[in-house]
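Fold and contact review
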Amino acid sequence: MSLLNVEHINVYYGAIHAVKDVSFHVEEGEIVTLIGANGAGKTTTLQTISGLLHARTGSITFQGESITGVPAHKLVSRGLAQVPEGRRVFLQMSVQENLEMGAFTRSGSEVDQSIAEVYERFPRLLERKNQIAGTLSGGEQQMLAMGRALMSKPKLLMMDEPSMGLAPILVEQIFEIIKELHKAGTTILLVEQNAEMALKIADRAYVLESGAVSLSGTGKELAESDAIKKAYLGG
Amino acid sequence: MTFLNHLISGISLGSVYAIIALGYTMVYGIAKMLNFAHGDVIMVGAYICFFAVASYGLNPIIGILLAMLVCTVLGMLIERLAYKPLRQAPSLAVLITAIGMSYFLQNSAQLLWSANNKMFPSFLNFGGTTGISLFDGQLTIAWTTLVTIAACVIIMIGLTLFTGKTKMGKAMRAVSEDKGAAQLMGINVNTTISVTFAIGSALAAIAGVLLCSSYPILVPTTGSMPGIKAFTAAVFGGIGSIPGALLGGVLLGVIEIFAKAYISTQLSDAIVFAVLIIVLLFKPTGLLGKQIREKV
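We now turn to the structure provided with this report. (Residues numbered from 1 in each chain as written. Chains lettered and ligands numbered in written order. Predicted model: local features only at pLDDT ≥ 70, side-chain atom pairs only at ≥ 80, totals over all residues. Heavy atoms only, no water.)

This next bit is on the overall build of chain B. Scanning chain B from N- to C-terminus turns up 11 helices and 4 strands. At 19 Å, chain B has a C-alpha radius of gyration in line with the 19 Å of a compact globule built from 296 residues. Once the C-alpha set of chain B is aligned to its principal axes, its extents read approximately 65 × 45 × 35 Å. Looking at chain B residue by residue over its 296 residues, the buried ones come to 50%. (Helix = DSSP H or I, 4+ residues; strand = E, 2+ residues; numbered from the N terminus. Rg over C-alpha atoms; globule rule 2.2 N^0.38 Å. Buried < 20%, exposed > 50% of the residue type's maximum accessible area, 1.4 Å probe, protein only.)

Encoded structure:
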C-alpha cells in the first residue's frame, strides 16, 4: 500500500483546467519530486492533496484512507504537513510562536520536546527564538517554515519550492536539510523548479507539463534523459 | 478643574468606543470584513439588560451576564447565517449584507420593543452615592465613569493575555495573518471566526450597558451612532490592531467631549470625523496600523 496515492485528479480554477488527470504515488520512506515549469500545476496539485483546493474528479488516498474533499485543517492530525510556496511563516509572530502553531493539533510536553528537536536541527532558529519572523532573512524563514511543518510530526512532508528566491549557497543548505530529514525517516514529496537539484536527491520523479504528467521515472533516469536535459537542465 | 472633568468624561466615553471598536477590529483582522451590524448588537445588549433589570427586577450583574450571553449567541448566529455563506463572495456583497443586517436588527427591535424611549435604570450606586467627590466637591466623578474606564482596562488586559498567551488567541493571530497557512497548521478557520464574533459580541453587550448607564435613553437606533464612531475609532487607531482600538477609541472620546465643551455642541461630531479624515490623509493605515512588507 502506498503512503499517498493520487489517482486521476482534475482540478479547476473556475473555467481553467489547472490539473489534468494527474496520477502518482509516494511510498513510505521515499523522496518523490514533481518538477516542471511555472504554471505547470505543481502547486495546485500539492494544495489539492493538502485540502486547500478540491479536485472535481479523481481520488486521493493517504495511508489507505480516502482524503478526497477532507478540509485542510483535518489532514494535519492524520500526518500530512506542507511547507507552502513562498514559506508563508506568520510574519508578525515570534519564531517560537510559529513553531507552536505548527504543533496546533498536538498538546502537552511532547510539543516542548518537538520544539527542542527543531531548535537542535536549526540552531539559527534557537538564536532568534523571540524574534518576530518578519525580521528573519529568506533562508531563515525557509528553515522556520520547515521546522514549523515538522512540529506536527508528519508522516508525509510536502514541500513547495523550498529553494525559491534563495542564494545558491542557501539552496545547497536547504537540500542538505531535506536529505537529512529523509535519512531521519521522513517521507518527502518535493515540488521544485530547480530540476537539477531535485532530481539529484529524489528516488522517483514526475514531470508536469501544462497540468498533466508528461514523464516519470527514477531521479537518475530523468536526470539522464535527453528530453529533460533539454527542457529543464539547460543542456 | 473643569478641564480635568472634561478629560475624564472624554476618557470614559472613549473607553466605550474602544470596547466597541475591539469588535470591529478583531472581526476585520480575522474575517477581513466590516461588520456594520456590530453597533446594533450593542443596542440588543442594552435592551436585554434593561428588561432583565427594569421589568424582571433581576440583579444588574445577572442582567449584564444575560445580555452578554444573548449577544454572544446573536453574534455567532449572524455570522453563521448571514456572513459564512458569503466567505468566497466579493467583499462588496458582504458589506451590503452587513448593512442589511444592521437595519434588520434595528427594525426587529422596533417591532419587538417599540420605538418609544426607554429610560435605562442607573444601577451604579455605591453606598447611596452616584459618584465620588474630590477637591472639596470641585471634581465629581460618577461611578459609571469609573466603572467604564475600569472595564475598558480590564478588557484590554484580558484580550492582550488571550491573544498573546493562549492557543486559541495565537491561532486567531495566525488566521488574521494568513488563512491558508493557518489551515495547514490544522487550525479550523471557521471556528476561529466564530470565536471572534462571540468575543466581539459579548464585548458589545458590555459596551451597550456602559453606554446606556451614562446616556440612559434607549431606542432601537441607540447603537447606530456609537457604532459608527467606534468604527471610526478602529480605523483611526489602525484597523486590525487591538492597541489601536484602545488608542483610537480614547482619543475619539476625548476629542468629542473637548469639542463639545470648548467649540460647539452641534459641531462636535463633524469635528470628530474631520480629525479622522486628517489623520487618514497623513497616515492611511491609522495611528498604529501596520504596513506588512513581504520578504521574498
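Now that the structure is up, let's keep going.
All names here are of chain A. Even without a glycine there, the phi angle at glutamine 63 is positive, about 50°. Mapping glutamine 63 onto the fold places it in the loop between strand 4 (57-62) and strand 5 (65-66). The class of glutamine 63 is partly exposed, set by a relative accessible area of 31%. A positive phi angle is found at arginine 88, which is not glycine, with a value near 45°. Structurally, the position occupied by arginine 88 is in the loop between strand 6 (80-83) and helix 3 (95-102).

Below, the discussion takes up the pairing of strand 2 (residues 131-134) of chain B. Residues and elements named next belong to chain B. Strand direction decides the pairing type here: strand 2 and strand 3 (residues 139-142), joined by 4 bridges, are antiparallel. Bridge pairing links serine 133 to threonine 140 in strand 3. Between strand 2 and strand 3, which pair antiparallel and follow one another directly, the connecting turn spans 4 residues, one of which, phenylalanine 135, has a positive phi of 50°. (Pairing = 2+ DSSP bridges.)

Before going further, it helps to examine the interface of chain B and chain A. Facing 22 residues of chain B, the contacting portion of chain A comprises 28 residues. Summing both sides of the interface, chain B and chain A together bury roughly 2,400 Å²; the carbon and sulfur share of this comes to 59%. One can count 3 salt bridges joining chain B with chain A. In this structure, the salt-bridge partner of B:Lys170 is A:Glu100, at a minimum N-O distance of 2.4 Å. Summed over the shared surface of chain B and chain A, the result is 7 residue pairs in polar contact (both at pLDDT 80 or more). Secondary structure elements with two or more residues in the side of chain B that touches chain A: helix 6 (167-177) and helix 7 (179-184) of chain B. Per-element accounting of the side of chain B that touches chain A gives the leading share, 6 residues, to helix 6 of chain B. (Contact = heavy atoms within 4.5 Å. Buried area = accessible area lost by both parts, 1.4 Å probe. Salt bridge = Lys/Arg side-chain N within 4 Å of Asp/Glu carboxyl O. Polar contact = N/O pair within 3.5 Å; in protein donor to acceptor, adjacent residues only side chain to side chain.)

Attention shifts here to the pattern of salt bridges. All names here are of chain A. Applying the stated criterion to the full structure yields 16 salt bridges over all chains. A salt bridge links arginine 106 to glutamate 110; the nearest nitrogen and oxygen atoms lie 3.5 Å apart. A salt bridge links glutamate 140 to arginine 124; the shortest N-O distance between them is 2.6 Å. With glutamate 140 in helix 6 (residues 138-150) and arginine 124 in helix 5 (residues 123-127), this residue pair connects regions lying 16 residues apart in the sequence.

So, on to helix 4 (residues 91-113) of chain B. Because an α-helix completes one turn every 3.6 residues, residues spaced three or four positions apart along the sequence face the same direction. Residue and element names in this part refer to chain B. Between its terminal C-alpha atoms helix 4 stretches 33 Å, which fits the 33 Å expected from 23 residues at 1.5 Å a residue. Listing the buried residues of helix 4 in full gives Val94, Ala98, Met101, Ser102, Leu105, Gln106, Ala109 and Trp113. Looking at the buried positions of helix 4, the neighbouring elements they touch are helix 2 (38-55), helix 3 (60-83), strand 1 (118-119) and helix 9 (224-237). Among the residues trailing helix 4, serine 114 stands out with phi positive, at a value near 65°. (Expected span 1.5 Å × (residues − 1).)

Time to look at the nonpolar core. Counting residues in hydrophobic clusters, the biggest one holds 87 residues, and the most contacted among them are B:Tyr83, B:Phe120 and B:Ile187. When sequence neighbours within four positions are dropped, the list of residues in contact with B:Tyr83 reads B:Met33, B:Asn35, B:Ala37, B:Ile78, B:Thr97, B:Ala98, B:Met101 and B:Phe197. (Core = buried A, V, L, I, M, F, W, Y, C linked by side-chain atoms within 4.5 Å.)

Let's shift gears to the pairing of strand 7 (residues 156-160) of chain A. Residue and element names in this part refer to chain A. With 5 of its 5 residues buried, strand 7 lies for the most part within the structure. The alternating pattern of strand 7 places Leu156, Met158 and Asp160 and Leu157 and Met159 on opposite faces, both of which are buried. Here 4 bridges tie strand 6 to strand 7, and the two strands are oriented parallel to one another. Note that in strand 7 the partner of valine 83 across the bridge is methionine 159. Relative to strand 8 (residues 187-192), strand 7 runs parallel, the two sharing 5 bridges. In the strand pairing of strand 8, leucine 157 is matched with isoleucine 188. Chirality of the crossover, the property in question, places the unit of strand 7, helix 7 (residues 168-183) and strand 8 among those that are right-handed. (Right-handed = clockwise from strand over helix to strand, strands pointing away.)

All names here are of chain B. Across all of its chains, the model carries 11 aromatic pairs over all chains by this definition. When the centroid spacing of 5.1 Å and the interplanar angle of 70° are considered together, the rings of phenylalanine 36 and phenylalanine 231 count as edge-to-face. Note that phenylalanine 36 is positioned in the loop between helix 1 (2-31) and helix 2 and phenylalanine 231 in helix 9, a separation of 195 residues in sequence. Between tyrosine 47 and tryptophan 113, the ring centres sit 4.6 Å apart and the planes meet at 25°, which makes this aromatic pair stacked. On the criterion of sequence distance, the pair formed by tyrosine 47 in helix 2 and tryptophan 113 in helix 4 is long-range, its members being 66 residues apart. No difference in accessibility class separates tyrosine 47 from tryptophan 113, as the two residues are buried. (Phe/Tyr/Trp six-rings, centres within 6.5 Å; stacked < 30°, edge-to-face > 60°.)

This brings us to the sheet that holds strand 10 (residues 212-218) of chain A. Remark on secondary structure: sheet strands pair via backbone hydrogen bonds, oriented parallel or antiparallel. Residues and elements named next belong to chain A. Across the sheet, 6 strands lie side by side as 6-7-8-3-9-10; this open sheet has mixed pairing. Edge positions in the open sheet fall to strand 6 and strand 10, since each of these has one partner strand only. Taking the axes of each pair of neighbouring strands and ignoring which way they run, one obtains an average angle of 15° across the sheet. Two elements, strand 3 (residues 31-35) and strand 9 (residues 204-209), share 4 bridges in a ladder whose sense is parallel. Paired with leucine 34 across the two strands is tyrosine 206, which belongs to strand 9. Along the sheet, helix 6 contacts strand 6 and strand 7; its crossing angle with strand 6, the most-contacted strand, is approximately 175°. (Axes fitted to C-alpha atoms, helices over the stretch in contact; angles between N-to-C directions.)

By themselves these figures say nothing about function.
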